[in-house]
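Chain residues, written in single-letter form:
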Amino acid sequence: MTTQWARIRRLRVEAADIRSIELVGADGGPLQPFEAGAHIDVHLDGLIRQYSLINTADSDGSYRIAVKLEPNSRGGSQRMHALSEGGILKVSLPRNNFALDATAGHTVLLAGGIGVTPLLGMAITLLMGEKSFSFDYFGRSYEALAFADEIRQSALARRTRFHLGLTGKAVHQVLAARFDLLPPGTHVYACGPGPFMQAVRDAVAAKRGLVLHLEYFAAEPPALELVADSFRVRLAKSDTTVAVDAGQTIVEALRAAGIEVETSCEQGVCGTCLTTVLAGRPDHRDMLLTEEEQLAGDQMLLCVSRSHDAELVLDL
């Protein structure tokens, strides 16, 4: 993966447990350009974490990301919250698995909590392009919403609806009411926690003609369960065979055999470990590939997916 060095130009508290980090080139110059929906990997002394880019490609060449402090995480958010202005970070070039289709007749943006980060950049892009869109932002309270004041004090305010303190059935009701008014062909973009994303999927399923785009910032629990039997993976380029136990991921089995695979989230949402499958039927457990891509069976995410057959042959 190609990387670049970045300097922390600015840190800002956006909510009680959320801070934004503004990056520029280590020499003060512009970083690699990107489009709305893109993300970067941040390298943290052995850890790699993904963050969506908030600002859009018409910016001054900086990157702006936001990090929510997660006490029960694997350590990435704590390290990000310990950073200081002026520090140097290694980051990847931008990648985009959640690209905005700016040609859509109408677009609906749905943000749940910190899932606002990729959608805020989309909203800015659509606003500047004078496109038809709406922006719905769901959260526990106004104080818990990152960038809420920024949105209210900008031209986005007239396109944005805040939905506070809603749970379960209430979220479904709001989404159903919103979707009832949408014309066929509307593109719906959503990012947020698992229950929120399920509510969006349910609402879209009940309204025909919508085009759904999802960005997961964490895998749902079922995607992480490892209940399948053991199987083998054969690496075609080295003709090496590695056994994968029932309690292992493919990535873990390969590492145990001294074979490193580039990873980032290890939850089946980022695509870093996407690998071509030459033979065998993958048991897809990721949140990235579309249904059509999963049915094709010619690629898989090694961090969570398994095998329906006794052996998979991978292009490694």
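About the criteria used
Residues numbered from 1 in each chain as written. Predicted model: local features only at pLDDT ≥ 70, side-chain atom pairs only at ≥ 80, totals over all residues. Heavy atoms only, no water. Helix = DSSP H or I, 4+ residues; strand = E, 2+ residues; numbered from the N terminus. Rg over C-alpha atoms; globule rule 2.2 N^0.38 Å. Contact = heavy atoms within 4.5 Å. Areas by Shrake-Rupley, 256 points an atom, 1.4 Å probe, with all protein chains shown as cover. Lys, Arg positive; Asp, Glu negative; His and termini not counted. Charge placed at Lys NZ, Arg CZ, Asp CG, Glu CD. Patch = residues over 30% accessible without salt bridge, like charges linked within 9 Å, V, L, I, M, F, W, Y side chains within 5 Å. Salt bridge = Lys/Arg side-chain N within 4 Å of Asp/Glu carboxyl O. Buried < 20%, exposed > 50% of the residue type's maximum accessible area, 1.4 Å probe, protein only. Axes fitted to C-alpha atoms, helices over the stretch in contact; angles between N-to-C directions. Left-handed = near helix turned anticlockwise from the far one by under 90°. Nonpolar A, V, L, I, M, F, W, Y, C, P; charged D, E, K, R; others polar. Pairing = 2+ DSSP bridges. Expected span 1.5 Å × (residues − 1). Arc of directions from axis to C-beta. Polar contact = N/O pair within 3.5 Å; in protein donor to acceptor, adjacent residues only side chain to side chain.

J.: Would you take a moment to explain the overall build of the protein chain for this structure?
T.: Tallying secondary structure elements over the protein chain gives eight helices and 18 strands in all. Computed over its C-alpha atoms, the radius of gyration of the protein chain comes to 20 Å, within 12% of the 20 Å expected for a compact globule of 316 residues. Seen through its principal axes, the protein chain has C-alpha atoms that stretch 60 × 50 × 35 Å. When contacts within the protein chain are restricted to residue pairs at least 6 apart in sequence, those whose partners lie at least 24 apart make up 65%. Element-wise, carbon and sulfur atoms account for 50% of the exposed surface of the protein chain, whose accessible area totals about 14500 Å². For the protein chain, the distance from the average site of its 30 positive side-chain charges to the average site of its 38 negative ones is 5 Å.

J.: Just to check I follow, could you spell out a negative patch on the surface for this structure?
T.: A cluster of acidic residues, Glu-291, Glu-292, Glu-293 and Asp-298, forms a negative patch at the surface. Among the structural elements, Asp-298 can be located in the loop between α8 (291-296) and β16 (299-301).

J.: Where do I start with the pattern of salt bridges in this structure?
T.: Where charged atoms from two side chains of opposite charge approach closely, those side chains can pair. This model, assessed by the stated rule, comprises 14 salt bridges. Across the salt bridge formed by Glu-14 and Arg-12, the nearest N and O atoms sit 3.6 Å from each other. Assessed through its relative accessible area of 13%, Glu-14 is described here as buried. Since its relative accessible area comes to 35%, Arg-12 is described here as partly exposed. Within this structure, Arg-12, Glu-14, Arg-64 and Glu-150 form a network of salt bridges that share partners.

J.: So what exactly am I meant to see when it comes to the packing of helix α4 (residues 169-180) against helix α5 (residues 194-205) here?
T.: Helices that pack against each other are described as a pair by the angle of their axes relative to one another and the distance between those axes. Interhelical geometry of α4 versus α5 gives an angle of 40° and a closest axis separation of 9 Å. Of the two elements, α4 crosses α5, and the hand of that crossing is right-handed. Residues Val-171, His-172, Leu-175 and Phe-179 of α4 touch α5, and the partners they reach there are Phe-196, Ala-199, Val-200, Asp-202, Ala-203 and Val-204. Per-class residue counts for the contact of α4 with α5 are eight nonpolar, one polar and one charged.

J.: Please explain the sheet that holds strand β12 (residues 231-235) as it appears in this structure.
T.: Working definition: the strands of a sheet are paired by backbone hydrogen bonds and lie parallel or antiparallel to each other. Strand order in the open sheet formed by five strands is β13-β12-β18-β14-β16, and the pairing between neighbours is mixed. The sheet terminates laterally at β13 (240-244) and β16, the two strands that pair on one side only. Strand-to-strand twist in this sheet, taken as the mean axis angle between neighbours without regard to direction, amounts to 40°. Sheet analysis places β12 next to strand β18 (residues 311-314), joined by four bridges and oriented parallel. Within β18, the residue paired with Leu-235 across the bridge is Leu-314.

J.: What should I look at first to understand the sheet that holds strand β5 (residues 63-68) in this one?
T.: If you trace the six strands from one edge of the open sheet to the other, you get β4-β3-β6-β1-β2-β5, paired in antiparallel fashion. Looking at strand neighbours, the two that pair on one side only are β4 (47-52) and β5, the edges of this open sheet. On average, each strand axis in the sheet is inclined to that of its neighbour by 40°, with strand direction left out of account. Relative to strand β2 (residues 18-25), strand β1 (residues 3-15) is paired through eight bridges, and the arrangement is antiparallel.

J.: Sorry, what's going on with α4 here?
T.: Three- or four-residue spacings in an α-helix give side chains the same orientation, since the helix completes a turn every 3.6 residues. Along its 12 residues, α4 runs 16 Å from first to last C-alpha, staying within 8% of the 16 Å computed at 1.5 Å per residue. Listed in full, the buried residues belonging to α4 are Val-171, Val-174, Leu-175, Arg-178 and Phe-179. Within α4, the buried residues cover an arc of 125° as seen down the axis, which keeps them to one side. Exposed residues pointing more than 90 degrees away from the buried face of α4 are listed as Lys-169 and Asp-180.

J.: Looking at this model, I keep getting lost on the side chain of Asp-286. Mind explaining?
T.: Residue position: Asp-286 is located in the loop between β15 (282-283) and α8. A polar side-chain atom of Asp-286 sits 3.3 Å from a polar atom in the side chain of Gln-294. With residues near it in sequence (within four places) discarded, Asp-286 still touches Gly-268, Gln-294, Leu-301, Val-304 and Ser-305.

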